[in-house]
Amino acid sequence: MRMYDIILKKRRGGTLSAAEIDFFIQGYTRGDVPDYQAAALTMAIFFQGLEPEETADLTLAMARSGDRADLSSLPGVKVDKHSTGGVGDKTTLVLGPLVAAAGVPVAKMSGRGLGHTGGTIDKLEAIPGFRVSMDNRSFLEQVRRINLAVVAQTGHLAPADKKLYALRDVTATVDSIPLIAASVMSKKIAAGADAIVLDVKVGSGAFMKKLEDAFNLARTMVDIGNQVGRKTVALVTNMDQPLGYAVGNALEVREAIATLKGQGPEDLRELCLQLGSEMLVLAGMAEDPPAARTRLEQIIDSGAALNKFKEFVAAQGGNPEVADREELLPAAAVLYPVQAKLDGYIAEIQAEQIGLAAMALGAGRATKEDVIDLAVGIVLKKKIGDKISAGETLADLHAQKDMDLTAVEQMIQQAFTINGAPPAQGNILLGKVS
Ligand code: URA
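The name given to the chain in an unreviewed UniProt entry is Pyrimidine-nucleoside phosphorylase, with Desulforamulus ruminis as the source organism. Under Sequence similarities (unreviewed entry), UniProt gives the following word-for-word description of the chain: "Belongs to the thymidine/pyrimidine-nucleoside phosphorylase family." Check the Function (unreviewed entry) section of the UniProt entry for the chain; it says "Catalyzes phosphorolysis of the pyrimidine nucleosides uridine, thymidine and 2'-deoxyuridine with the formation of the corresponding pyrimidine base and ribose-1-phosphate."

Engineer: Tell me about the UniProt feature "domain: Pyrimidine nucleoside phosphorylase C-terminal" (unreviewed entry) in the chain, residues and numbers included.
Structural biologist: The UniProt entry lists residues 345-419 under the feature "domain: Pyrimidine nucleoside phosphorylase C-terminal" (unreviewed entry), expressed in the numbering used here. The distance separating the terminal C-alpha atoms of residues 345-419 is 5 Å; by composition the span is 28% helix and 29% strand.

Engineer: Give a description of the layout of surface pockets that names residues and reports values.
Structural biologist: Space left empty within the atom packing is revealed by a probe, the size of a water molecule, rolled over the atoms. What the second largest pocket holds in volume is close to 460 Å³. Lining the second largest pocket we find 19 residues, and of these Gln241, Asp267, Lys383, Gln425 and Gly426 sit closest to its centre. Ranked by residue count, the leading element in the lining of the second largest pocket is helix α12 (residues 266-282), at three residues. Grouping the amino acids of the lining of the second largest pocket by side-chain chemistry returns eight nonpolar, five polar and six charged. When residues of the lining of the second largest pocket are assigned to domains, at least three map to each of domain 2 (79-156 + 172-324 + 429-433) and domain 3 (331-419).

Engineer: Quick one: what's the story with the environment of Ala214, residue by residue and with numbers?
Structural biologist: With respect to the helices and strands, Ala214 occurs in helix α10 (residues 211-227). You can call Ala214 buried: its relative accessible area is 0%.

Engineer: Can you explain the site of the ligand? Please cite residues and give values.
Structural biologist: In the vicinity of the ligand, the contacting residues are Tyr165, Arg168, Ile180, Ser183, Val184, Lys187 and Phe207. A distance of 2.9 Å separates an oxygen atom of the ligand from a polar atom in the side chain of Arg168. Note that an oxygen atom of the ligand is positioned 2.5 Å from one of the side-chain N or O atoms of Lys187. By residue number, the principal contributor to the shell around the ligand is helix α9 (residues 177-190), which donates four residues. Classifying every residue of the shell around the ligand by side-chain character gives four nonpolar, one polar and two charged.

Engineer: Requested: an account of helix α2 (residues 18-30), with residues and values cited.
Structural biologist: For α2, built from 13 residues, the straight-helix expectation of 18 Å at 1.5 Å per residue is met to within 8% by its first-to-last C-alpha distance of 18 Å. Three or more residues of α2 are buried, namely Glu20, Ile21, Phe24, Ile25, Gln26, Gly27 and Tyr28. Immediately downstream of α2, the backbone of Gly31 shows phi near 95 degrees, a positive value.

Engineer: So, the domain arrangement of the chain: which residues are in play, and what are the values?
Structural biologist: You can read the domains of the chain as domain 1 (3-49), domain 2 (79-156 + 172-324 + 429-433) and domain 3 (331-419). Inter-centroid distance (C-alpha atoms) of domain 1 to domain 2 is 33 Å. Each partner contributes to the roughly 430 Å² buried at the junction of domain 1 and domain 2, and carbon and sulfur atoms together form 83% of this total. If you sort the residues of domain 1 by the area they bury against domain 2, Thr42, Ile45 and Phe46 come out on top, with a joint share of 77%.

Engineer: How would you explain the sheet that holds strand β6 (residues 246-247) if you had to name every residue and give the values?
Structural biologist: Read from one edge of the open sheet, four strands run β6-β9-β11-β7, paired in antiparallel fashion. Sheet topology places β6 and β7 (334-339) at the edges, where each strand pairs with a single neighbour. Looking at chain direction, strand β9 (residues 377-380) and strand β11 (residues 393-399) are connected through four bridges and run antiparallel. Across the sheet, the residue bridging to Gly377 is His398, located in β11.

Engineer: How would you explain the packing of aromatic side chains if you had to name every residue and give the values?
Structural biologist: Applying the stated criterion across every chain yields a total of three aromatic pairs. Summarising the aromatic geometry, the rings of Phe24 and Tyr28 are spaced 6.0 Å apart at their centres and angled 20 degrees between planes, so their arrangement reads as stacked. Here Phe24 pairs with Tyr28, and both are found in helix α2, just four residues apart, close to one helical turn. Like Tyr28, Phe24 is buried. Ring plane angle 85 degrees and centroid distance 5.2 Å describe the contact between Phe46 and Phe47, whose orientation is recorded as edge-to-face. Using a relative accessible area of 63% as the deciding quantity, one classes Phe47 as exposed. For Lys163, the ring lying beneath its charged end belongs to Tyr28, and the centroid distance is 4.5 Å. Sitting over the ring of Tyr245, Lys383 keeps its end group 5.4 Å from the ring centre.

Cut-offs and rules
- Residues numbered from 1 in each chain as written.
- Predicted model: local features only at pLDDT ≥ 70, side-chain atom pairs only at ≥ 80, totals over all residues.
- Heavy atoms only, no water.
- UniProt positions renumbered as here; feature names shortened; annotations may be inferred.
- Helix = DSSP H or I, 4+ residues; strand = E, 2+ residues; numbered from the N terminus.
- 1 Å grid on protein atoms, 1.4 Å probe; cavity = no way out; pocket = protein on both sides within 12 Å on 5 of 7 lines; lining within 4 Å.
- Points joined across faces, edges and corners; volume = space filled by probe spheres on them.
- Nonpolar A, V, L, I, M, F, W, Y, C, P; charged D, E, K, R; others polar.
- Domains from an automatic or database assignment.
- Buried < 20%, exposed > 50% of the residue type's maximum accessible area, 1.4 Å probe, protein only.
- Near = heavy atom within 4 Å.
- Polar contact = N/O pair within 3.5 Å; in protein donor to acceptor, adjacent residues only side chain to side chain.
- Expected span 1.5 Å × (residues − 1).
- Buried area = accessible area lost by both parts, 1.4 Å probe.
- Pairing = 2+ DSSP bridges.
- Phe/Tyr/Trp six-rings, centres within 6.5 Å; stacked < 30°, edge-to-face > 60°.
- Lys NZ or Arg CZ within 6 Å of the ring centre and 35° of its normal.

This is how it looks when you write it as structure tokens:
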């Protein structure tokens, strides 16, 4: 078999066999297939697409390219959740304890962030003492004991995807639906869950800007999951403004804790209840989403979700007192309010701009080597539909001392659109694909 023939076949719109896809992926992982041939093939895929079976074969080949977690020794249906990413997305911090308290075993590998703010792992590291790595035996033992463990994903999980994603990033081939779907699902499959709930975000702060593309991506990923024997459900959700109010690592941990206490922002609570309900149903713990939701609401109201969070933090070496004493989390030295210049209603908040502003404060990484400042970020004071008067605060910047905040303030001003009339309010949940 030759890479040249595989590239030519796809360039002409042919359908690749499982053996051809495997030849490419295993060869590329080993370093036998050079970057220029991999780039040519991904560009051919970008234009010609992949049939559902090719997408599933690509996913499995990438999942097989490295370590695979074996969760079979854990009792129950292991359900994973994945979000395609958005600004202020701290759902894992809420959902993990919430569904674990309902009896669903959650053995989760998460990533660090590259971009606006940190990933789940960076956010957890804002909790003093919290350890994000542990050996496999301890990981499984912790899930068996308390139903929940979250560790940093290693480079040995789906290494083909790691290499290919980095190549796509610099060859303008990231935004191909079959390639994104195979990339996401290969990691989920390698991470070992029996069932997967996907949160596909759409809007100004998401990868997918158009509803049609988001549904397409959701359909493609659900089909892959079902084709490879993992029950998969996707919710398509709104990312036209940041999720919740907080953007920035420790600030997001605070908001997640408030949500576990039943005092968090409505959109974050609603999203967690919707995703959590799907997780409970897939785990066989509830008859249907409404029954699951009632159960999850009780778990929040009774304090069981917060207690599970404390148990989880303590199990991974963190200080569980952060749940009751916010001051134990890192805090920025400066609080700088950005004020509205007009009266009216918040019509739009460019989520990506807010994310970039948080990154400019130091909350995110531009390159893998950057060090994140866990304390800094942005807390919105207004969301879409809120009334505002000139001089009122749009958002607070949490910054370090001696930083010139002029440019960040301008970014925040530009992110908000204020109109005379109240806008139509959208739902967080836009649809479900199963
Ligand atoms: N997220 C991924 O994990 N992979 C992609 O290709 C795009 C987004």
